[in-house]
Amino acid sequence: MSHRRPDGACHAPEFHSHEGEAQWIAAAVSDIAAALQHDLDASGRARLLLSGGSTPAPVYEALAQQSLDWSRIEIALVDERWLPAGSADSNATLVRNTLLKAGASGARFEAMLLPGRELSETVLAANASSSPASVVVLGMGPDGHTASLFPQMRGLDAALHSAADYVAVDASGCPGAGPWPQRISITPAGLARSGTRVLLVRGEHKRAVLQQAGAGDDPHELPIRIALRLPGAPLRIHWCP
């Protein structure tokens, strides 16, 4: 597996198909832990960016059991719903409930939602604390969205071309956003600064969406295409039924 920093060239994604959930979890955890350990060995620190949703939860729970020096690992988010800090529906709560336990409880966690801050202030804080990640864990919705970048979302083009790592987005009218249209999302520029990128997907429908994404090039239609075509190390896709 490559842990190189982005080299300016685009590489074809690596698709890994697994027979069942246990194999899928084990392979994903192995990729993530290896990338973190690589940077711990190389620089003494590592940074992990995580996505929300139901799909990655069992991977995070298994990752928490890995024998890493979690005290030297920073954990932050790929995106977040604009909710009150501590909300049960926030991505931060998912990470706290699945990963930040056992040995991983010693990691430093940067939650985006800060009490008393406005959305614009929160985005500024996220950009101020952002730095190149050792590994980014991405997900994909049935509509082809990744992070909080949704198909045909208002302001999507500005987000895709932003030089900032994080932007505020308004996904009003996008079914995939559910009841949480106001969000903070990483941008392609932010993803491009990461070393290893892992995409976790399950189910035949999502496999078909990935195949459709690979056959075209318009990220406004399927934003997951930005992850498929980023410069640097190839996207490592882990799929199971």
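One can find the structure itself at the top, above this paragraph.
Rules behind the numbers
Residues numbered from 1 in each chain as written. Predicted model: local features only at pLDDT ≥ 70, side-chain atom pairs only at ≥ 80, totals over all residues. Heavy atoms only, no water. Phe/Tyr/Trp six-rings, centres within 6.5 Å; stacked < 30°, edge-to-face > 60°. Lys NZ or Arg CZ within 6 Å of the ring centre and 35° of its normal. Buried < 20%, exposed > 50% of the residue type's maximum accessible area, 1.4 Å probe, protein only. Helix = DSSP H or I, 4+ residues; strand = E, 2+ residues; numbered from the N terminus. Pairing = 2+ DSSP bridges. Axes fitted to C-alpha atoms, helices over the stretch in contact; angles between N-to-C directions. Contact = heavy atoms within 4.5 Å. Salt bridge = Lys/Arg side-chain N within 4 Å of Asp/Glu carboxyl O. Core = buried A, V, L, I, M, F, W, Y, C linked by side-chain atoms within 4.5 Å.

**Q** Could you give me a rundown of the packing of aromatic side chains, with the residues and numbers involved?
**A** The full count for this structure, using the stated rule, is 1 aromatic pair. We note R81 situated over the ring of W180; from NZ or CZ to the ring centre the distance is 3.8 Å. When the ring centre of W24 is taken as origin, the NZ or CZ atom of R202, which lies over that ring, is 5.1 Å away.

**Q** Any details on the pairing of strand 9 (residues 196-202)? Residues and values, ideally.
**A** Working note: regular strand, side chains alternate between the two faces of the sheet. In terms of burial, strand 9 is largely enclosed, as 6 of its 7 residues are buried. By the bridge criterion, 4 bridges tie strand 6 (residues 135-138) to strand 9 in an arrangement that is parallel. Bridge pairing links V137 to V198 in strand 9. Taken together, the 5 bridges between strand 9 and strand 10 (residues 236-240) define a ladder with parallel strand orientation. Paired with V201 across the strands is W239, a residue of strand 10.

**Q** Tell me about the sheet that holds strand 7 (residues 166-170), residues and numbers included.
**A** On the basis of which strands lie adjacent, the open sheet formed by 3 strands has the order 4-8-7 and antiparallel pairing. This sheet does not close on itself; its edge strands, each paired only once, are strand 4 (79-81) and strand 7. Neighbouring strand axes in the sheet, compared pairwise and without regard to direction, differ in orientation by 20° on average. Where strand 7 meets strand 8 (residues 182-186), 5 bridges bridge the pair, whose relative direction is antiparallel. Its bridge partner lying in strand 8, Y166 is registered against I186. The strands touched by helix 4 (residues 119-129) within the sheet are strand 7 and strand 8, with strand 7 carrying the most contacts at an inclination of about 150°.

**Q** Which residues make up the pattern of salt bridges, and what values go with them?
**A** Within the structure shown, the criterion is met by 11 salt bridges. As a salt-bridge pair, R47 and E74 come within 2.9 Å of each other at their nearest N and O atoms. In this pair, R47 is assigned in strand 2 (residues 46-50) and E74 in strand 3 (residues 73-77), connecting sequence segments 27 residues apart. Residues R47 and E110 are paired through a salt bridge, measuring 3.0 Å at the closest nitrogen-oxygen approach. Taken together, the residues span a long stretch of sequence, with R47 in strand 2 and E110 in the loop between strand 5 (108-109) and helix 4 at a distance of 63 residues. Judged by relative accessible area, which is 5%, R47 ranks as buried. A residue is classified by how much of its surface remains accessible, and E110, at 13% relative accessible area, is buried. The network of salt bridges with shared partners includes R47, E74, R108 and E110.

**Q** Describe the sheet that holds strand 6, naming the residues involved and giving the relevant values.
**A** Taken together, the 7 strands give an open sheet; going across it, the order is 1-10-9-6-2-3-5, and neighbouring strands pair in parallel fashion. Here the strands that pair on one side only, and so sit at the sheet edges, are strand 1 (14-17) and strand 5.

**Q** Would you mind going over the nonpolar core in detail, with residue names and values included?
**A** In this structure, I32, L48, W70, I75, L99 and L199 are the most contacted members of the largest nonpolar core, which totals 76 residues. Top element by residues in this core is helix 1 (residues 21-43). It accounts for 9 residues.

**Q** Which residues make up the environment of T187, and what are the values?
**A** Considering the arrangement of structural elements, one finds T187 in the loop between strand 8 and helix 6 (188-192). The class of T187 is buried, set by a relative accessible area of 0%. Sequence spacing of T187 and A28 is 159 residues, and the spatial spacing of their C-alpha atoms is 23 Å. Ignoring any residue separated from it by four or fewer positions in sequence, one finds T187 in contact with A159, S162, A164, D165, Y166 and V167.

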